[in-house]
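Each chain, letter by letter, is given below.
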Amino acid sequence: MAIAIRIDELTKGPVERIDTFDMGWCDSNLSKIYKFETDEVTVNFRAIQTAEIVAVEARLEAGFGFECSRCVMPSSLEVDTRFVHHYVAPGKLDVTASEEQHDELASDPDISEHTGSEIDLHPLCVEHIILALPNYPLCSESCKGLCSQCGVNLNKEQCDCSVGLDPWSPWT
């Protein structure tokens, strides 16, 4: 389900809504690391139009499961992230009043053009969820991982392997 804001809604005042969208996109984008634990992403947003600019503030919440990058134990992560994005009417990012103003608007990643009739928040929400997820998720910051020699989970037990440093190794 797309999360869309109709531009004509904004002429009556700010639009505030809580909406959801399906986590089906997760399988194709994040399946190597993450699995979704909740069925939907919750999007709480507020949009307001001032002059020719539409400002959208949003909060996204979703749950993901993963295997820890150090100890490979199953764990979970609750994502709660926020973003602000601005939209301008079609053609406003083209060269307008001054070249300097155009360069400033066109280079800002938080400014986009809307279609003229609506703003689709779904792609931006997916982008911000992905950006909020760590590349190498850990079950905890203090995770000790696995022993590099015997493979035992060092969070649960100690092993008898010698973990001495090799004095001839360039990496020690």
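Residues numbered from 1 in each chain as written. Predicted model: local features only at pLDDT ≥ 70, side-chain atom pairs only at ≥ 80, totals over all residues. Heavy atoms only, no water.

Points about the overall build of the chain
From N to C terminus, the chain includes 4 helices and 8 strands. Walking the chain from its N terminus toward its C terminus, one meets helices and strands in the order β-α-β-α-β-β-β-β-α-β-β-α. Here the chain holds 172 residues, and the buried ones make up 33% of them. Taking the intrachain contacts of the chain between residues at least 6 apart in sequence as the baseline, contacts between residues at least 24 apart amount to 61%. (Helix = DSSP H or I, 4+ residues; strand = E, 2+ residues; numbered from the N terminus. Buried < 20%, exposed > 50% of the residue type's maximum accessible area, 1.4 Å probe, protein only. Contact = heavy atoms within 4.5 Å.)

Observations regarding the packing of aromatic side chains
As enumerated under the stated definition, the model contains 2 aromatic pairs in all. Ring geometry for Tyr34 versus Phe64: centroids 5.8 Å apart, planes at 70 degrees, classification edge-to-face. Highlighted residues: Tyr34 in strand 3 (residues 34-36) and Phe64 in strand 5 (residues 53-67), separated in sequence by 30 residues. The exposure classification of Tyr34 matches that of Phe64, with both residues buried. Ring geometry for Tyr34 versus Phe66: centroids 6.0 Å apart, planes at 65 degrees, classification edge-to-face. Of the two residues, Tyr34 is situated in strand 3 and Phe66 in strand 5; the sequence distance between them amounts to 32 residues. One exposure class covers both Tyr34 and Phe66, and it is buried. Taken together, the aromatic side chains of Tyr34, Phe64 and Phe66 make up a single cluster linked through ring pairs. (Phe/Tyr/Trp six-rings, centres within 6.5 Å; stacked < 30°, edge-to-face > 60°.)

Some thoughts on the nonpolar core
Core analysis: the largest hydrophobic core is formed by 30 residues, its most contacted members being Ile5, Val41, Val43, Phe45, Phe64, Leu121 and Ile129. For this core, the elements supplying multiple residues, two or more each, are helix 1 (7-10), strand 2 (15-22), strand 4 (40-50), strand 5, strand 6 (74-88) and helix 4 (122-132). Here the element with the most residues in this core is strand 5; it accounts for 7 residues. (Core = buried A, V, L, I, M, F, W, Y, C linked by side-chain atoms within 4.5 Å.)

With respect to the pattern of salt bridges
Side chains that differ in charge, positive against negative, can pair when their charged atoms come close. Here the structure, examined in full by the defined rule, presents 5 salt bridges. Between Arg46 and Glu16 there is a salt bridge, with its nearest N and O atoms 3.2 Å apart. Of this pair, Arg46 sits in strand 4 while Glu16 sits in strand 2, and the two are 30 residues apart along the sequence. For Glu16, a relative accessible area of 56% translates into the label exposed. Glu61 is paired through a salt bridge with Arg59; the nearest N and O atoms lie 3.9 Å apart. Taking relative accessible area as the criterion, Arg59 reaches 26% and is therefore assigned partly exposed. (Salt bridge = Lys/Arg side-chain N within 4 Å of Asp/Glu carboxyl O.)

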